[in-house]
Structure formats: C-alpha cells, structure tokens
Amino acid sequence: MKNKNFNPENLYQKLQQATNAVDQKHFHNHAQEVHHVKIRPNKDVGLGKFKHDPLIPGGYIAHPTTIRAMRKDIFAAGEEVFEDLEYWIHCEKCNTALDVQFWIFCPYCEAHFPSPLPSPLKSHEM
C-alpha cells in the first residue's frame, strides 16, 4: 500500500513550508527544472544498487527490482537531496535501513512498507 505522505504533491508542500536559519522561505518554486535520468535494467547489479552505465553517458544500470522499487519523482537541489524529506526506517522483513523518500517498496526483499509508517529512525542506524 502506498503512503500518501510521500506522494509528490505532499512532498512539494512540505518543502514549501521549510524555512532557513533566519526564518525565511528556504526553497522557491519559480526555478523548477526537470531532469530525466536514464536507468537501464541489468540483473548483474545487486539489489538496491546503481552503477554508471557503460553505454549511456550520464545514465545508470540497476537490477529490474530496484527500478520497480524506486520512486519516479524525486526532489533534489542540484547534487543534493532534501534532508527535510528524509524518513529512515528498517524494513520489517529484511531489516535493511531505507530512506522512504526514494522507495515505493523495499528494493532488497520486495516487502511493502507498513501503513502507517513506523516512527523514523533517530539517525541513519544501519
């Protein structure tokens, strides 16, 4: 079951509410860019991993399960992902630590995330 808190519109609204150290709006919505990343399936790549694609510059290869598990809409600012959206949990089935902002289900064991989600980990307890 998909968690509605992690749909793109809800994530966008959360970022719009973020403020910086001087209590000003941290992100602006007028400078949007959409980047498409080419990811080809390759069963030789480990689950939950990505490797640079030797055939497509700037592209990646990943296991087909990893590609199915990844969210298609990910927010980022340049090279950085948003720490404001981090939500680390342990998969209940394989106990792997995952940041739910990137995954629809566990890319390692294909388990679906519980709904509601458990409390996030206090740190990236791996």
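Rules behind the numbers
Residues numbered from 1 in each chain as written. Predicted model: local features only at pLDDT ≥ 70, side-chain atom pairs only at ≥ 80, totals over all residues. Heavy atoms only, no water. Helix = DSSP H or I, 4+ residues; strand = E, 2+ residues; numbered from the N terminus. Buried < 20%, exposed > 50% of the residue type's maximum accessible area, 1.4 Å probe, protein only. Contact = heavy atoms within 4.5 Å. Pairing = 2+ DSSP bridges. Axes fitted to C-alpha atoms, helices over the stretch in contact; angles between N-to-C directions. Salt bridge = Lys/Arg side-chain N within 4 Å of Asp/Glu carboxyl O.

A few points about the overall build of the protein chain
Line of reasoning, step 1. Helix and strand counts for the protein chain stand at two helices and seven strands.
Line of reasoning, step 2. Counting helices and strands in the order they occur from the N terminus, the protein chain gives α-β-β-β-α-β-β-β-β.
Line of reasoning, step 3. Taken over 126 residues, the protein chain has a buried fraction of 33%.
Line of reasoning, step 4. Summarising the internal contacts of the protein chain: among those between residues at least 6 apart in sequence, 41% fall at separations of at least 24.

What about the sheet that holds strand β3 (residues 60-62)?
Line of reasoning, step 1. Strand order across the open sheet formed by three strands is β1-β3-β2, with mixed pairing between neighbours. Both edges of this open sheet fall to β1 (39-41) and β2 (50-52), since each of them pairs with a single strand only. Averaged over all adjacent pairs, the angle separating strand axes in this sheet is 35°, with direction ignored.
Line of reasoning, step 2. Summarising the sheet, β2 and β3 pair through three bridges and their orientation is antiparallel. The residue bridging phenylalanine 50 from the neighbouring strand is alanine 62, located in β3.

Some remarks on the pattern of salt bridges
Line of reasoning, step 1. Under the defined criterion, the tally for this structure stands at two salt bridges.
Line of reasoning, step 2. Its salt-bridge partner being aspartate 53, residue arginine 40 comes within 2.6 Å of it at the nearest N-O pair. Of the two residues, arginine 40 sits in strand β1 while aspartate 53 sits in the loop between β2 and β3, which places them 13 residues apart along the sequence.
Line of reasoning, step 3. With relative accessibility at 29%, the residue arginine 40 sits in the partly exposed group.
Line of reasoning, step 4. Across the salt bridge formed by arginine 68 and glutamate 110, the nearest N and O atoms sit 3.1 Å from each other. Of this pair, arginine 68 sits in helix α2 (residues 64-69) while glutamate 110 sits in the segment after β7 (97-99), and the two are 42 residues apart along the sequence.

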